[in-house]
Amino acid sequence: MVVHNQYKIAGGEDKVVEEEIKLLKSQGVNVSTFFVSNDDISMEGLSNKIKFGINTVWSKEHYHILKKKLKEEKPDIVHFHNTFPRISPAAYYACQELNIPVVQTLHNYRLACPSALLMREDTVCEKCLNGSLLNSIKYGCYRESRVQTIPLTTMLYTHRILNTWNKKVDKIIALTGFAKCKIVETGIDEDRIVVKPNFIEKNNQFFCSKKDYVVFVGRLSKEKGVHLLLEAWKKNINKVNTELLIIGDGPENEQLVKEYGMVQSVKFLGRLNSAAVLELVSKAKYLVVPSLWYEGFPMTIIEAFSVQTPVIGSNIGSLQEIILDGVTGFHFENNNIDDLSNVLIKALNYPGYNNLVKNVCDNFEEKYTAEKNYKMLMQIYNEVLKEKRNE
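Residues numbered from 1 in each chain as written. Predicted model: local features only at pLDDT ≥ 70, side-chain atom pairs only at ≥ 80, totals over all residues. Heavy atoms only, no water.

> So, the sheet that holds strand 13 (residues 311-314): which residues are in play, and what are the values?
In space, the six strands of this open sheet follow the order 11-10-9-12-13-14, with parallel pairing throughout. Both outer strands of the open sheet, strand 11 (266-270) and strand 14 (329-332), are each paired with one neighbouring strand and no more. For this sheet, the mean inter-axis angle between neighbouring strands, taken without regard to orientation, is 20°. Sheet topology note: the strand 9 (residues 213-217)/strand 12 (residues 286-289) ladder contains two bridges and is parallel. Within strand 12, the residue paired with Val-215 across the bridge is Leu-287. Along the sheet, helix 12 (residues 274-283) contacts strand 9, strand 10 (243-247) and strand 11; its crossing angle with strand 9, the most-contacted strand, is approximately 140°. (Pairing = 2+ DSSP bridges. Helix = DSSP H or I, 4+ residues; strand = E, 2+ residues; numbered from the N terminus. Axes fitted to C-alpha atoms, helices over the stretch in contact; angles between N-to-C directions. Contact = heavy atoms within 4.5 Å.)

> Got a sec to walk through helix 3 (residues 60-73)? Specific residues and values, please.
Between the first and last C-alpha of helix 3 there are 20 Å, a value that for 14 residues agrees with the 20 Å anticipated at 1.5 Å per step. The set of residues buried in helix 3 consists of His-62, Tyr-63, Leu-66, Lys-67 and Leu-70. Down the axis of helix 3, the sector holding all buried residues measures 135°, keeping them to one side. In helix 3, those exposed residues whose orientation departs by more than 90 degrees from the buried face are Lys-60, Lys-68 and Glu-72. Note on helix 3: the residue one or two positions beyond its end, Lys-74, has a positive phi of about 50°. (Expected span 1.5 Å × (residues − 1). Buried < 20%, exposed > 50% of the residue type's maximum accessible area, 1.4 Å probe, protein only. Arc of directions from axis to C-beta.)

> Can you break down the packing of helix 3 against helix 4 (residues 90-97) residue by residue, with the values?
Packing of helix 3 against helix 4 leaves a shortest axis separation of 9 Å and a crossing angle of 30°. Every pair of crossing elements has a handedness; the one defined by helix 3 and helix 4 is right-handed. Counted together, Tyr-63, Leu-66, Lys-67 and Leu-70 of helix 3 and Ala-90, Ala-91, Tyr-93, Ala-94, Cys-95 and Glu-97 of helix 4 form the full contact between these two elements. A per-class count over the contact of helix 3 with helix 4 returns eight nonpolar, no polar and two charged. (Left-handed = near helix turned anticlockwise from the far one by under 90°. Nonpolar A, V, L, I, M, F, W, Y, C, P; charged D, E, K, R; others polar.)

> Would you mind going over unusual backbone geometry in detail, with residue names and values included?
Going from Phe-84 to Pro-85, the amide bond is cis rather than trans, its omega being -5°. One non-glycine residue with positive phi stands out, namely Lys-74, at about 50°. Along the chain, Lys-74 turns up in the loop between helix 3 and strand 3 (78-80).

> If you had to explain the packing of aromatic side chains to someone new, which residues and values would you point to?
Applying the stated criterion across every chain yields a total of twelve aromatic pairs. Ring geometry for Phe-84 versus Tyr-142: centroids 5.7 Å apart, planes at 90°, classification edge-to-face. Here Phe-84, found in the loop between strand 3 and helix 4, pairs with Tyr-142, found in the loop between helix 6 (134-139) and helix 7 (146-161); they are 58 residues apart in sequence, far enough to count as distant. Where Phe-178 meets Tyr-294, the ring centres are 4.8 Å apart and the plane angle is 65°; that geometry is what we call edge-to-face. Note that Phe-178 is positioned in helix 9 (residues 177-184) and Tyr-294 in the loop between strand 12 and helix 13 (299-306), a separation of 116 residues in sequence. Judged by relative accessible area, Tyr-294 falls into the buried class, the value being 11%. In this structure, Arg-110 packs its charged tip against the face of Phe-84, placed 4.4 Å from the ring centre. Looking at Arg-120, its charged tip hangs above the ring of Tyr-139, at a distance of 3.7 Å from the centre. (Phe/Tyr/Trp six-rings, centres within 6.5 Å; stacked < 30°, edge-to-face > 60°. Lys NZ or Arg CZ within 6 Å of the ring centre and 35° of its normal.)

> Now, about the pattern of salt bridges: what can you tell me, with residues and values included?
Applying the stated criterion across every chain yields a total of 16 salt bridges. Among the salt bridges present, the one from Lys-69 reaches Glu-73, with a minimum N-O distance of 3.0 Å. Note that Lys-69 and Glu-73 are positioned in helix 3 at a spacing of four residues, about one turn of the helix. Taken together, the shared-partner salt bridges connect Glu-126, Lys-182 and Glu-185 into one network. (Salt bridge = Lys/Arg side-chain N within 4 Å of Asp/Glu carboxyl O.)

> With reference to specific residues and values, describe the sheet that holds strand 8 (residues 193-195).
Ordered in space as 2-1-3-4-7-8, the six strands form an open sheet in which the pairing is parallel. Both edges of this open sheet fall to strand 2 (33-37) and strand 8, since each of them pairs with a single strand only. Between one strand axis and the next, the sheet turns by 20° as a mean value, whatever way the strands run. Inspection of the sheet shows strand 4 (residues 102-106) paired to strand 7 (residues 171-174) by four bridges, in the parallel sense.

> Describe the side chain of Asn-236, naming the residues involved and giving the relevant values.
Relative to the assigned elements, Asn-236 resides in the loop between helix 10 (226-235) and strand 10. Here the side chain of Asn-236 touches Ala-232 through a polar contact of 3.4 Å, landing on its backbone oxygen. Among the polar contacts made by the side chain of Asn-236, one reaches the side chain of Ser-341 at a distance of 3.0 Å. For Asn-236, the contacting residues outside a window of four places in its chain are Ser-341, Leu-344 and Ile-345. (Polar contact = N/O pair within 3.5 Å; in protein donor to acceptor, adjacent residues only side chain to side chain.)

> Can you break down the nonpolar core residue by residue, with the values?
Membership of the largest hydrophobic core comes to 72 residues, with the highest contact counts inside it found for Phe-80, Trp-165 and Ile-301. Of the residues forming this core, the biggest block, six residues, is contributed by helix 4. Discounting residues that sit within four places of it in the chain, Trp-165 has contacts with Pro-89, Tyr-92, Leu-111, Met-155, Leu-156, His-159, Arg-160, Ile-172, Ile-188 and Arg-192. Leu-244, Tyr-260, Val-263 and Val-266 belong to the second largest nonpolar core, which has 30 residues in total. (Core = buried A, V, L, I, M, F, W, Y, C linked by side-chain atoms within 4.5 Å.)

> Describe the environment of Asn-359, naming the residues involved and giving the relevant values.
Here Asn-359 is to be found in helix 16 (residues 353-367). Spatially, the C-alpha atom of Asn-359 lies 6.2 Å from that of Val-327, the residues being 32 residues apart in sequence. Once residues lying within four places of it in the same chain are set aside, the contact partners of Asn-359 are Val-327 and Thr-328. Of the polar contacts made by the side chain of Asn-359, one reaches the backbone oxygen of Val-327; its length is 3.0 Å.

As structure tokens, then:
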């Protein structure tokens, strides 16, 4: 059974959950789902706020609903993705009471940070990781609201005291080694955590010859570092015969277009459908990921690798691990316009470009195909089931 609290606005995490279910079913695995939506959450009035806060820590309602469903369907294993805010960690306890093993994939840094991002004021922040969780309330880290941060902080604090993730979860899946290290810093046993990346189905129709442009794909917000990329690009306008395509939308869109929309070699394409994005990425010389924060596991990078496009990215967090410098792309110093400018010049004139493309292809086949991911996932499930039987 796959358990997931869906987001109001579907994002990468929801897509990963759907693709993983699809993959399991394609291999003959019997999968049922327990999905809860945030669409009908009401924060109007004091009573609804109090109810929301209590349910975030312990949802009695979803504890009983899930327990009933587990008794009816008798799954061998329950795989959780997101439990915030409606399902709550109470669901783990329902599974344990019925002696059903639990696997939890962590798609973000929620266990270390109430905002799930390890970021504040558009820069990396580890105050709650290295200090007290009360820092999150002090700074109103969730949606810039102290009131809305309190339930999350209380949930994390309560379940750390109860040792929920060590006692009620059999195996935790981190998407990268970097994420695993951050999870361990929260007090979770290292041997309970296994690394398994995301994956994507290979689409052979998008294997195209490269054209003279590089591309950014993502949300146009400060933490994504788009302004950094555009400033670095301005330094190189007269040095390269190449275009920069910006794909996506977000809160910074209007300001970025105002400042850089008239730059001749820059094109803002807005939000495009998945097929159009993948086609453009497949023809690009590079995808650029100039993020200022600890990304989780950007699907855009795997998508680029799946169509043999190397990636240029910040040397921060998981990006250092996913992008192999000089092998599948290049790193630049985080939040450093001059270094990004220099790396762009080096990359666009790199004599070993064809080797980069080959390496990207090999790296994708080795780590990120559906077939590889299925084997890794089943190995995790089988290990958990074996450990449960031997208890």
